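Commentary on secondary and tertiary structure
Chain by chain, the residues:
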Amino acid sequence: MSTTPPTDSEKYALQVQGLRITLPGTARNVLDGVDLTVAAGETVALVGESGSGKTLTSRSALGLLPPGALTEGRVDVVGEDVLDISAERLRALRTGTVAMIFQDPRAAINPLRRIGDFLVEGVTLTGSVNQADATARAGELLQDVGVDPSVLRKYPSQVSGGMLQRVMIAAALMGDPSLLLADEPTTALDVTTQAEVVALLIRLQQCFATGLLFVTHDLDLAATISDRVYVMYAGRIAESGPADELFARPRHPYTAALLASTPRPDAPAGRLAAIDGRPPDLRTTLTGCAFAARCPLATEVCEQRQPDLRPAPDRPGHRAACHHTEQLTRSSADA
Amino acid sequence: MPEYALQAVGLTRSYGAVRAVDGVSFALPKGGSLGIVGESGSGKTTTARIVVGLEQADAGEVLVGGARRASAVRGRARRLARAREVQMVFQDPLQSLDPRTSVESVLRETLGLHFPGRDHTPRVRELLDQVGLGPRAADARPGGLSGGQRQRVAIARALAVEPAVLVLDEAVAALDVSVQAQILNLLADIREQTAVGYLFITHDLGAVRCVTDDVIVMRQGRVVEAGSTSEVLGSPRHPYTRLLMDSVPRPGWDPARIAEARRTL
């Protein structure tokens, strides 16, 4: 074990800097200057609606980009820029350093092969581990995720969705990853199963000290499980900060509106505070703030100038990209 | 005695050895809104499909406006009359709407079938207004619309025949949070403006709070708790309902404890 303090780039499991992605046939950048970090052992949630760029951001860590994508910026995984490495290094990265848990395990796991084969193929293909060791490790990991190792011999169609998602989590841990990407891993599951899978993810993440990037559309879920939250809107980070602060005192009108429009079983009955309109289309260009057209606080400046992501005066870790963020903190303090 | 738009009495349906629906009864007052809450495998969707007529019950019956709903009818007029009793809105409108038909044609086709020989232009406009769609959306095909707009089309199409009951099966589950709130509000508005009753099938306890007066909680084919929505969600009595409530993420949420409670239940 080295005793020297980790360098800046090694400290982060994932460090995205100024990431811009352009796709053919769109009028603006799909990702427009995204900065995001996940420290080793940290749980970070990335929240956004469809088309916000959250999935694209998380997949960039695996170098998985849509065809024809042009990129700018850096995506460092444990100090290595995945946008600028050899195919061989990328392959090694994907089988070991970074692992991904997808939303729908039935779509992500080959239905024609046994679960055991699915678990061991990644690590045995690269030749780093032999078949017997890999199978033994797969059995251990299945026990860790609360699945009986007899499942190794079964086919995906023979187990339930919740169990298959746990198999996927075990598969993600096979290569001892430094960074775990979970893209809506519980969206397809029932609420009680969701709680179980989340409990498992958190326990494993703590036990293996893995950096976890949890992509979700559910702000309440994000706030309860993560250390820090990033909120994305139209390819940009709208707000980022410690989960409890962002939840209690949102500094971006979009975050505040999302919180207000979430139906909750313990809230008083009545209408929801819905956000009118919908996110801007990729065929339109944006001159100012992407949320201006739907924002109750918007003024002329919002349509003309894109706001920078700025820290709160008293809380440097809590950043928001809004020209009128002071107005928001004042009004929520009054209420 | 209150009048009921819809009543289910002792519905039962088995698939092999599995009792998917096991003696389910409920009543939906005229213009009321009843939620059916449960997880996958609870039998809530099978119950909805029996009400609509997409599945047959082994036992029990469905009453609409006090009259027994026939399981199958002969003849065009009776088939159309049966369709006007109950209409359904599915989770994914992209699969339930014809991709080649424009929004306006969908509505005209439905209206032409049920109310032949009339000028449908004003009614089409009224329906589009009611679900908050503009003239531009009227010319579009489902593929050219957003998910929320498509669900509005599906609701307008279902409302076109002026049904007594609208069955909404996970109708907002696939939508983004901000769009979901719009549709939930829209459903509340429509119920105020028309006499339609809702049977709202969902796994989302937050959504059920927004659009229903009463709720039944299903587990393994049976109703484990029933009552007014505010009572059931406010002070759940059945341990399973409590587990469902506790499973919803909120500050102070402890997933490990819920996982434990789930195993012991």
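Residues numbered from 1 in each chain as written. Chains lettered and ligands numbered in written order. Predicted model: local features only at pLDDT ≥ 70, side-chain atom pairs only at ≥ 80, totals over all residues. Heavy atoms only, no water.

1. A word on the domain arrangement of chain B
Residues and elements named next belong to chain B. Spelled out, the test is: Note that the domain bounds reflect an automated or database-derived domain assignment. For this analysis, residues touch if any pair of their heavy atoms sits within 4.5 Å. Once two parts are put together, the accessible area they lose, assessed with a 1.4 Å probe and summed over both, is termed the buried area. Any carboxyl oxygen of Asp or Glu within 4 Å of a side-chain nitrogen of Lys or Arg constitutes a salt bridge here. Side-chain atoms alone can form a polar contact between residues adjacent in sequence; in general such a contact is a pair of N or O atoms within 3.5 Å, and within protein one must be able to donate a hydrogen while the other accepts it. A run of DSSP states H or I qualifies as a helix once it reaches four residues; a run of E qualifies as a strand once it reaches two. Both are numbered from the N-terminal end.
Parsing chain B into structural domains produces domain 1 (4-234) and domain 2 (235-265). Facing the 13 residues of domain 1 at the interface are 10 residues of domain 2. At the boundary of domain 1 with domain 2, total buried surface from both sides reaches about 1100 Å², with 57% on carbon and sulfur atoms. Of all residues in domain 1, the largest losses of buried area upon contact with domain 2 belong to Leu205, Arg219 and Glu225, amounting jointly to 42% of the total for that side. Linking domain 1 to domain 2 there are zero salt bridges. Applying the counting rule to domain 1 against domain 2 returns five residue pairs in polar contact (both at pLDDT 80 or more). Counting only elements with at least two residues in the side of domain 1 that touches domain 2, the list comes to strand 9 (214-219), strand 10 (222-228) and helix 10 (229-234).

2. Some points on the UniProt feature "domain: ABC transporter" (unreviewed entry) in chain A
Using the following cut-off: UniProt positions are given in the numbering used here, feature names are shortened, and annotations may be inferred rather than shown by experiment.
Here the UniProt-annotated "domain: ABC transporter" (unreviewed entry) positions come out as residues 14-259 of chain A. As annotated, residues 14-259 of chain A comprises 40% helix and 25% strand, and the C-alpha atoms at either end are separated by 27 Å.

3. Considering the UniProt feature "domain: ABC transporter" (unreviewed entry) in chain B
The UniProt feature table records "domain: ABC transporter" (unreviewed entry) at residues 6-245 of chain B. Counting secondary structure, residues 6-245 of chain B comes out at 42% helix and 26% strand; the distance between its end C-alpha atoms is 27 Å.

4. Let's talk about the environment of Val16(A)
All names here are of chain A. We apply this condition: Each residue is assigned to one of three classes by its accessible area relative to the maximum for its type, calculated with a 1.4 Å probe on protein chains only: buried under 20%, partly exposed between the two thresholds, exposed over 50%.
Tracing the backbone shows Val16 in strand 1 (residues 12-22). For Val16, a relative accessible area of 2% puts it in the buried group. Here the alpha-carbon distance between Val16 and Ala209, two residues 193 residues apart in the chain, equals 20 Å. Residues within four places of Val16 in sequence aside, it is in contact with Val34, Asp35, Leu36, Arg74 and Val75.

5. Some thoughts on the nonpolar core
Defined as follows: Nonpolar core, defined: a set of buried Ala, Val, Leu, Ile, Met, Phe, Trp, Tyr and Cys residues in which side-chain atoms within 4.5 Å join the residues together.
Grouped together as the largest cluster of nonpolar side chains are 95 residues, with contacts concentrated most on Leu119(A), Ile169(A), Ile155(B) and Phe200(B). Inspection of this core shows a minimum of three residues originating in each of domain 1 (4-234) and domain 2 (235-265) of chain B. Those residues within four positions of Phe200(B) in sequence are excluded, and the remaining contacts are Leu34(B), Gly35(B), Ile36(B), Leu168(B), Val172(B), Leu184(B), Leu187(B), Ala207(B), Val208(B), Val211(B) and Thr212(B). Within the second largest apolar cluster, 30 residues are counted, among which are Ala61(A), Leu62(A), Val98(A) and Leu179(A).

6. A closer look at helix 7 (residues 161-173) of chain A
Residue and element names in this part refer to chain A. Our working definition: The span one expects for a helix is its residue count, reduced by one, times 1.5 Å.
Here helix 7 contains 13 residues, and its C-alpha end-to-end distance of 19 Å stays within 8% of the 18 Å for a straight helix at 1.5 Å per residue. Within helix 7, 11 of the 13 residues are buried, which leaves the element mostly enclosed by the surrounding structure. All of the buried residues in helix 7 are Gly162, Leu164, Gln165, Arg166, Val167, Met168, Ile169, Ala170, Ala171, Ala172 and Leu173. The inward-facing, buried residues of helix 7 abut strand 6 (98-101), helix 4 (105-108), helix 5 (115-125), helix 6 (131-144), strand 7 (179-183) and helix 8 (191-208).

7. Details of the sheet that holds strand 7 (residues 165-169) of chain B
Hydrogen bonds between backbone atoms are what pair the strands of a sheet, whose relative direction is either parallel or antiparallel. Residue and element names in this part refer to chain B. Quick note on the threshold: Only when DSSP finds a minimum of two bridges between them are two strands counted as paired. Axis definition: a line fitted to C-alpha atoms, over the contacting stretch in the case of helices. Angles run 0 to 180 degrees between N-to-C directions.
Spatial ordering of the open sheet is given by 6-7-8-3-9-10, a layout of six strands whose pairing is mixed. Every interior strand has two partners, whereas the edge strands, strand 6 (86-89) and strand 10, have only one. The average angle at which neighbouring strand axes cross in this sheet is 20°, direction not considered. Note: strand 3 (residues 33-37) against strand 9, four bridges, orientation parallel. In the sheet register, Val37 faces strand 9, and the bridge partner there is Val217. Taken strand by strand, helix 1 (residues 44-52) contacts strand 3, strand 6, strand 7, strand 8 (197-202) and strand 9, and its axis lies near 150° from that of strand 8.

8. Overview of the packing of helix 11 (residues 239-247) of chain B against helix 12 (residues 255-264) of chain B
Residue and element names in this part refer to chain B. To keep things clear, this is the line we draw: Geometric relationships in this document are graded by angle, where less than 35 degrees denotes roughly parallel, more than 145 denotes roughly antiparallel, 65 to 115 denotes roughly perpendicular, and other angles denote oblique. By convention the crossing between two helices is left-handed if the near helix lies anticlockwise of the far one by an angle smaller than a right angle, and right-handed if it lies clockwise.
Interaxial distance between helix 11 and helix 12 falls to 10 Å at its minimum, and their mutual angle equals 160°. On the basis of their axis angle, the class for helix 11 and helix 12 is roughly antiparallel. Once helix 11 is placed against helix 12, the crossing between them reads as left-handed. Across the interface between the two elements, Leu243, Asp246 and Ser247 of helix 11 pack against Arg257, Ile258, Ala261 and Arg262 of helix 12.

9. Quick look at the interface of chain A and chain B
Going by this rule: Throughout this entry, Asp, Glu, Lys and Arg are counted as charged residues, while Ala, Val, Leu, Ile, Met, Phe, Trp, Tyr, Cys and Pro are counted as nonpolar. The remaining residues, Gly among them, count as polar.
Contacts between chain A and chain B engage 38 residues on the former and 35 residues on the latter. Summing both partners gives a buried area of about 3100 Å² for chain A against chain B, and 57% of it is carried by carbon and sulfur. Across the contact surface, chain A and chain B share four salt bridges. With its nearest N and O atoms 2.4 Å apart, the salt bridge here joins Arg271(A) to Asp189(B). Counting every contact that joins chain A to chain B gives 15 residue pairs in polar contact (both at pLDDT 80 or more). Elements that contribute at least two residues to the side of chain A that touches chain B include exactly helix 8, helix 9 (219-225) and helix 11 (253-261) of chain A. Here the side of chain A that touches chain B is built from residues that sort into 17 nonpolar, 10 polar and 11 charged.

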